[in-house]
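Below are the chains, spelled out letter by letter.
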Amino acid sequence: MKNKIWKLLIIVFLILSMSYPQEKNLAVSIYPIGSITKYIVGKLWNISILLPSNTNPHLFEPTSETMREIEKAKLVIINGKDVDIWAKKLADSTKKDVLVISDYLKVRESNPHFWLDPILVKDMAKIIYNKISTLDPSNKGYYLKNLNDFNKKIDELHKYIIKELSTFKNKKIIAYHPSFYYFFKRYNIEVLSYIEEGEGKEPSLKKILGIIEIIKRENIKYIVKEPFVNNPTLETIQKETGVKLVDMDPLGYNKDYFSLIKENVIILKVIFNEQNP
């Protein structure tokens, strides 16, 4: 069934390829990368986001609308790895110019959620700058200024996060999915366990019982999850322990990158305040 859908999408792509102008249009897989890109390109490029709101990017199935947005674009920018594999498949089936950011990042770990570490984001922004400057060399100076301004804002954000979280001694959490893996690693937040055993794979009974034991032993007050995640496993753990569920949004649809990160820092402060009486 999926093969038939992909074939239909490719046919749609070929039909649309005859109708859309592509000058200075960018298609970006997920919103945070779109926000980062916007800081670099300013008003010189139009940006469309391929992933719909409140959608798990790991599980998204592209539609004819996805194909239309890709066809309009002169360049498609994707994160890479399994977070937007659907975008990579579409890119591989077409002749569009594609920037796969993960291909240029010097990160050996397989976790694809690079954008949630502000320091890694500086590298991502540089990769985007390099590509855009190649496509539009006459405005390279403009893009370079934007990159430098962006990096200054990232440095300020990094200092803000350190300051806001440094007062807490107990920075332990349990998370459903490792979206914030790089963020937690950067800011010395100890993850006692990730509940999900793989994308879309529910934990075993043994693991659930182990997590319940950790919550009670470590006095954990919250489980961190994504807004689009709701399942019986979390309800079971909550019923057994009284732990609260809190959403930390890794995607921030229609949110500025800096607002997204700061909102999640505020959520962490609420968690750590309760765990540090």
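Before reading on, note that the structure itself is shown above.
As the structure is a computational prediction, the values presented were derived from the model and not from experiment.

**Student:** For this particular structure, what's the right way to read empty space enclosed by the protein?
**Tutor:** By rolling a water-sized probe across the atoms, one finds the places where empty space is left. Following the criterion strictly, the structure yields 2 cavities of 30 Å³ or more and no others. Taken as a whole, the largest cavity encloses approximately 50 Å³ of empty space. The wall of the largest cavity is formed by Asn56, Pro57, His58, Val83, His113, Trp115, His177, Ser179, Glu226, Phe228, Pro250 and Leu251. Looking at side-chain class alone, the lining of the largest cavity contains 6 nonpolar, 5 polar and 1 charged residues. Put simply, the second largest cavity is a space of about 30 Å³. Lining the second largest cavity, in full, are Ala175, Tyr176, His177, Ser179, Phe180, Val224, Lys225, Glu226 and Met248. Looking at the lining of the second largest cavity residue by residue, the classes come out as 5 nonpolar, 2 polar and 2 charged.

**Student:** Would you mind showing me how to read the pattern of salt bridges here?
**Tutor:** Side-chain pairs of opposite charge can arise where the charged atoms are in close proximity. On inspection of all chains with the given rule, the structure shows 16 salt bridges. Across the pair Glu65 and Arg68 runs a salt bridge, and its minimum N-O distance is 2.8 Å. Here Glu65 and its partner Arg68 are both found in helix H3 (residues 64-72), 3 residues apart, which amounts to about one turn of the helix. Residue class for Glu65 comes out partly exposed when judged on its relative accessible area of 37%. Put simply, Lys131 and Asp97 hold a salt bridge, and the shortest N to O gap is 3.1 Å. A residue pair is termed long-range when its members are at least 10 positions apart, and Lys131 in helix H5 (residues 118-135) and Asp97 in strand S4 (residues 97-100) qualify at 34 residues. A cluster of three or more residues bridged by salt bridges with shared partners is formed by Lys172, Glu213, Arg217 and Glu218.

The rules behind the values
- Residues numbered from 1 in each chain as written.
- Predicted model: local features only at pLDDT ≥ 70, side-chain atom pairs only at ≥ 80, totals over all residues.
- Heavy atoms only, no water.
- 1 Å grid on protein atoms, 1.4 Å probe; cavity = no way out; pocket = protein on both sides within 12 Å on 5 of 7 lines; lining within 4 Å.
- Points joined across faces, edges and corners; volume = space filled by probe spheres on them.
- Nonpolar A, V, L, I, M, F, W, Y, C, P; charged D, E, K, R; others polar.
- Salt bridge = Lys/Arg side-chain N within 4 Å of Asp/Glu carboxyl O.
- Helix = DSSP H or I, 4+ residues; strand = E, 2+ residues; numbered from the N terminus.
- Buried < 20%, exposed > 50% of the residue type's maximum accessible area, 1.4 Å probe, protein only.

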